[in-house]
Amino acid sequence: MGRTLIVGGGAIGLSVAYHLTRRGMQDVLLLERNQLTSGTSWHAAGIVGPLRSTLNMTRLASYALDLFPALEEETGMATGYRRTGGYWLAREPARLDELHRIADLGVTQGLHPRVIPAKEVELAGLVDLSAHLAALYVPEDANVNPVDLCMAYARGARTGGADIEEGVCVEGLTTENGRATGVRLVDGVNITAETVILCTGAWSREIAATAGVALPLQAVEHMYVVTEPVSGLPDPFPVIRDMDRGIYIKGDAGRLVIGGFEPDAKCWDPCSPESDRAFLELAEDWDQFGPFMDAALELMPDLENVGIQRFMNGPESFTADTRPLIGETPQVDRLFVSAGMNSVGVMSSAGIGRALADWVLDGHPPMDMWEVDLARVDPLAARPAHMATRMQEAVADLIALHWPYKQPNAGRGLRKSALHDHWAREGAVFGLTAGWERGLWYAREPSERNLPYSVGEQPWHRIARREAAALASGTALIDLSPFTKLDISGEDALESLNRLSTAQLDVELYRTVYTQLLNERGGIEADVTITRLRPDRFHLTSGAATRMKDLAFLRRHLDGHVEISDRTEEFCTIGVMGAGSRDLICGLAEAPPDIDVSHCGESMLAGVPCRLTRVSFVGELGFEVTVAANQARTVFDALAGAGTTPMGHYALDGCRIEKGFKHWGHDLGPGITPLEAGLGFKISWEREFTGRTVLLGQRAEGVRQRLVLMHVATGALMLHDEPIYEDNAHVGLTTSGAVGPRTGLNLAFGLVSTAPGETLDETCARSFQLRVAGREYAARPLRHAPFDPEGTRMHA
């Protein structure tokens, strides 16, 4: 591999350089426009919190606990790393539910969190916890000195052979034929490289744009204060997070650092004249910071007599969904990004630096990183006006209560289908699914609109049951327009697609094939349906969230004479599902179509040409009606006027899980194979395809993990990442969950470890318990889907 060029000398860039050299890479060049750490790393608070709200973010963050002390020993440089322990304080019962869930997850990852009564917080006389219910204590919480840590990274990287140059300002990125080739400096000099890694924090959006890459990133003014020395503080002083007030307090050599995550954060322009200044500090703003100071005084009343030594206001970058942007860009090959750390960059630098280095060298991420993969983002979200609007709540969202099924308020309406107003007329209560406005449920009266959030039974469950009930004898309409719709054509289209697909795609015309597209390790990169429209033309449908990822994956892996066209917004797709769907379609069609399951046909509905595909994600007789967006309204009006009922996204998800259908990004992903996921029935074994060797080995030896559907005891709100136990031994985690609106069963998919050669029947004979929000619930594996296991309704 040729030169790897890293732009940005903060904690992330230096960690990537360090980890690349640890893997033996010699030709690494890091460029910093000013001095190392002079962007945003130098003013970071330095909190190290390994426990996060999801499995993979916890895995990434926990690596710091091992690396930081090891880095000191390796380089001989102090990093200031010190374990202090920490408390996450809860005032509200719903917050306590969230903390129990996080603690349950942390235990499975080797951490030792525990939820304790507020009176057991060991800060007697210092904090007033009279308004708190409890606290989550995390003994592994720690502090680190950001600048010292960065200097240790730099020494380790240089020792490993990396070159680090300061005072070199990059003006833009250079590309050729869709591939990164290096950077252009402000003095006009070009530096070439085989791989470019952008780690420029708050400045990343503007630099990425020079290569045509849109990053939904916004710099804001982020503030904390440092007090004068406070007498009587324990040493070390634990990290305190008063979650329901949005503040944190940490110790700093006998002083206290007080910060918060503000609603309506103040946007900052990284292209402003002042932005080039090293170690930039912005003006004090007590109007903005005042509510956090008031919250700190409420928590620690004695602070009233302590002076403020320093007000720190510096730029920090946040993303639209408060998750980092990591990975290879979908638009430009060998251009990697690590940005949008949302104020936890120093803590995240260890895990993200290692993961990105592995990604660069191995050509794929070392673990499931979909939740932070920048391929998840919608380029429209990067528009400055949208990002500025999102900052009204995105910063505060980092510490705000993460209600189940919570929807953002700021920055809505980014993508709407051509039928948006028609769905609204049917009563849609819209939510965001992959950036699209989509009906979550359909209200019949005003009282069904603004339903409250809940950590227990969801108030929309009854509406989902009502909507799904229409399927039994009538017809429901479902908004499927956000689905990704790609046309793939060319003389090599069949051969190239077949090489990625587990299922045989050399089928008759108008046949629709459900299949998985695999990587070399047998992992599922895409879960799709592919329809053969012509001998050399195919139509691929996948989930809305994976649009950019799927485009990039296909572009990188289809070869020969193949053309990929994104048709997602050119067409609307309406799901026409239920026992009455065939009669309804035939009544509207000029020539009633005779379409078998997994086939499609062309027909005129209400005088408009449509493609009808007989597939169903809800497990009922049904059709996906695809129609040109500019003619979709006529078709919708005809369907809606024929006595149909609209059905929302929540009901759809409940129906798919009680039918045993898996969802990519939750149940399926690059780290699970079709055999582990129970999709071996779709594999065409007699031919070669990517990952086949791995699958043959699994078929011979047996899988070591298996995705199973479980019936969970009533009362547990199933989401994802709930620990699964067997005889008090941790054996897996759930991947998704929902209440089946037709069966009424509480269901969850779980990925559990299995013994070599263990059959599905043997797995289903095991007895599992789920730990959900601190409580144990029995879970019974199901050998068959609880709704219509024989598939008679879909094949009616």
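Residues numbered from 1 in each chain as written. Predicted model: local features only at pLDDT ≥ 70, side-chain atom pairs only at ≥ 80, totals over all residues. Heavy atoms only, no water.

A. Local environment of the layout of surface pockets. Looking at the second largest pocket, its volume works out to about 650 Å³. Forming the walls of the second largest pocket are 29 residues, and the residues nearest its centre are Lys250, Gly251, Asp252, Ala253 and Arg255. When contributions to the lining of the second largest pocket are tallied by element, the ones reaching two or more residues are α4 (146–159), β14 (217–227), β16 (247–252), β17 (255–260) and β18 (308–319). A breakdown of the residues in the lining of the second largest pocket according to their chemical character gives 15 nonpolar, 8 polar and 6 charged. (1 Å grid on protein atoms, 1.4 Å probe; cavity = no way out; pocket = protein on both sides within 12 Å on 5 of 7 lines; lining within 4 Å. Points joined across faces, edges and corners; volume = space filled by probe spheres on them. Helix = DSSP H or I, 4+ residues; strand = E, 2+ residues; numbered from the N terminus. Nonpolar A, V, L, I, M, F, W, Y, C, P; charged D, E, K, R; others polar.)

B. Spotlight on unusual backbone geometry. Cis geometry is found at the peptide bond from Asp235 to Pro236, where omega equals 5°. Mapped onto the fold, Pro236 is located in the loop between β14 and β15 (239–242). Positive phi outside glycine occurs at Asp264, with the angle close to 55°. When you line up the elements, Asp264 lands in the loop between β17 and α6 (286–299). Although it is not a glycine, Tyr510 sits at a positive phi angle of roughly 70°. Among the structural elements, Tyr510 can be located in the loop between α12 (493–500) and β25 (512–518).

C. Quick look at the sheet that holds β17. Strand order in the open sheet made by the 8 strands is β6-β7-β5-β15-β16-β17-β14-β18, with mixed pairing throughout. Both edges of this open sheet fall to β6 (114–117) and β18, since each of them pairs with a single strand only. When strand polarity is set aside, the average angle formed by the axes of neighbouring strands in this sheet is 25°. Pairing geometry for strand β5 (residues 86–90) and strand β7 (residues 134–138), over 5 bridges, is antiparallel. Bridge pairing in β7 places Ala90 opposite Ala134. (Pairing = 2+ DSSP bridges. Axes fitted to C-alpha atoms, helices over the stretch in contact; angles between N-to-C directions.)

D. Representation of the pairing of β16 within the structure. Most of β16 sits out of view: 5 of its 6 residues are buried. Pairing analysis gives 3 bridges linking β15 to β16, with the strands arranged antiparallel. When the bridges of β16 are listed, Arg241 appears paired with Tyr248. Count of turn residues in the β15/β16 antiparallel hairpin: 4 residues, of which Gly246 carries a positive phi of about 75°. With 6 bridges joining them, β16 and β17 adopt antiparallel strand pairing. Residue pairing in the sheet places Asp252 in a bridge with Arg255 of β17. Here β16 folds back onto β17 in antiparallel fashion, the turn holding 2 residues, of which Ala253 has a positive phi close to 55°. (Buried < 20%, exposed > 50% of the residue type's maximum accessible area, 1.4 Å probe, protein only.)

E. The arrangement of the side chain of Ser15 in detail. Residue position: Ser15 is located in helix α1 (residues 11–22). Using a relative accessible area of 0% as the deciding quantity, one classes Ser15 as buried. When near neighbours in sequence (up to four residues on either side) are disregarded, Ser15 contacts Tyr153, Ser349, Ala350, Gly353 and Arg354. (Contact = heavy atoms within 4.5 Å.)

F. Inspection of empty space enclosed by the protein at higher detail. Tallying each qualifying case throughout the model produces 2 cavities of 30 Å³ or more. If you add up the space inside the largest cavity, you get close to 130 Å³. Surrounding the largest cavity, 14 residues form its lining, His539, Thr541, Thr613, Glu624 and Thr626 being those nearest its centre. For the lining of the largest cavity, the elements supplying multiple residues, two or more each, are β26 (524–534), β27 (537–542), β31 (608–613) and β32 (622–628).

G. Region of interest: the sheet that holds strand β24 (residues 484–489). Read from one edge to the other, the open sheet built from 5 strands follows the order β25-β26-β27-β24-β28, with strand pairing classed as antiparallel. Bordering the open sheet on either side are β25 and β28 (563–566), each of which pairs with just one other strand. In this sheet, adjacent strand axes meet at a mean angle of 30° when their direction is disregarded.

H. Spotlight on the packing of aromatic side chains. What the rule picks out here adds up to 20 aromatic pairs. Between Trp203 and Trp268 the ring centres are 5.9 Å apart and the planes differ by 85°, which places this aromatic pair in the edge-to-face class. Of the two residues, Trp203 sits in the loop between β13 (195–198) and α5 (204–209) while Trp268 sits in the loop between β17 and α6, which places them 65 residues apart along the sequence. Of the two residues, Trp203 and Trp268, neither departs from the other in class, the shared state being buried. Consider the rings of Phe336 and Trp359, whose centres lie 6.5 Å apart with planes at 75°: the pair is edge-to-face. (Phe/Tyr/Trp six-rings, centres within 6.5 Å; stacked < 30°, edge-to-face > 60°.)

Keep in mind these numbers describe shape, not what the thing actually does.
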